[in-house]
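Fold and geometry: a report
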Amino acid sequence: MADFKFDLVSPERRLAELDATEVQIPGADGDMTAMADHAPTITTLRPGILSVTHAKGTDDFFVSGGFAEISGSSVSVLAEKALPKGEVTKEYADALLAQANEAHEAAIASGEGVDAAAEARATLTEVMGSIGL
């Protein structure tokens, strides 16, 4: 199977730069899998687990949101926040959930974006539950 370049960065650091065979992306409009020769696509991310398959196995990363740019020869992910799945702690999850709750309360107070804030909070809760937190 052909490889392509994969790059994952967050504001804090570069998390991955490697040759991949497959990337499973938690897109805002649904999960998608990018492989070599994928049609050019740009998508926003929702909170979830991004999985990268490469010659040495599979690496999983938590992403809170951001963008993915897919071309036939590369996948670049610019994440708002990202960590290797194994580095996500209960304290980190609690802080993210507290931020999501605050955003939901602010949306209720302003009367704008309530549904989006509720969905973001529910998705984050579901992802943290799937990690076991």
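In this text the structure is predicted, and so the values were computed from the model without any measurement. (Residues numbered from 1 in each chain as written. Predicted model: local features only at pLDDT ≥ 70, side-chain atom pairs only at ≥ 80, totals over all residues. Heavy atoms only, no water.)

Some points on the side chain of D7
- Mapping D7 onto the fold places it in strand β1 (residues 4-9).
- With a relative accessible area of 18%, D7 lands in the buried category.
- Of note is the side chain of D7, whose polar atom sits 3.0 Å from the side chain of R14. (Helix = DSSP H or I, 4+ residues; strand = E, 2+ residues; numbered from the N terminus. Buried < 20%, exposed > 50% of the residue type's maximum accessible area, 1.4 Å probe, protein only. Polar contact = N/O pair within 3.5 Å; in protein donor to acceptor, adjacent residues only side chain to side chain.)

Describing helix α1 (residues 90-110)
- Across its 21 residues, α1 extends 30 Å between first and last C-alpha, which sits within 8% of the 30 Å expected from 1.5 Å per residue.
- Those residues of α1 that fall on the buried side of the exposure criterion are A93, L96, A100, H104 and A107. Buried positions in α1, seen along its axis, are confined to an arc of 80° and lie on one side of it. Away from its buried face by more than 90 degrees, α1 exposes E91, E102, E105 and A109.
- Following α1 by one or two positions, G111 has its phi on the positive side, about 75°. (Expected span 1.5 Å × (residues − 1). Arc of directions from axis to C-beta.)

Details of the pairing of strand β7 (residues 66-70)
- Burial along β7 is one-sided: the residues G66, A68 and I70 are buried and none of F67 and E69 is.
- Relative to strand β8 (residues 74-79), β7 runs antiparallel, the two being bridged by five bridges. Within β8, the position partnered with A68 by the bridge is V77.
- The turn joining β7 and β8, which pair antiparallel and follow one another in sequence, is formed by three residues. (Pairing = 2+ DSSP bridges.)

Some points on the pattern of salt bridges
- Overall, the coordinates contain six salt bridges when judged by the stated rule.
- Note that R46 is salt-bridged to D31, the shortest N-O span being 2.3 Å. Of this pair, R46 sits in the loop between β4 (41-45) and β5 (48-54) while D31 sits in strand β3 (residues 30-34), and the two are 15 residues apart along the sequence.
- Judged by its relative accessible area of 60%, D31 is exposed. (Salt bridge = Lys/Arg side-chain N within 4 Å of Asp/Glu carboxyl O.)

Quick notes on the environment of A34
- Among the secondary structure elements, A34 is positioned in strand β3.
- Between the alpha carbons of A34 and G72 there is a distance of 9.1 Å; along the sequence they are 38 residues apart.
- Every residue in contact with A34, bar those within four places of it in the chain, is listed here: F4, T21, E22, V23, I25, I70 and V75. (Contact = heavy atoms within 4.5 Å.)

A few points about the pairing of strand β2 (residues 14-27)
- As defined by bridge partners, β1 adjoins β2 across six bridges and the pair is classed as antiparallel. For V9, the partnering residue across the bridge sits in β2 and is R14.
- Where β1 folds back on β2, the antiparallel hairpin that results is connected by four residues.
- Examined bridge by bridge, β2 and β5 share four bridges and lie antiparallel to one another. Each bridged residue has a counterpart across the sheet, and for A20 the counterpart in β5 is H54.
- Sheet topology places β2 next to β3; five bridges connect them, and they run antiparallel. Following the sheet pairing, I25 is matched in β3 by M32.
- Where β2 folds back on β3, the antiparallel hairpin that results is connected by two residues.

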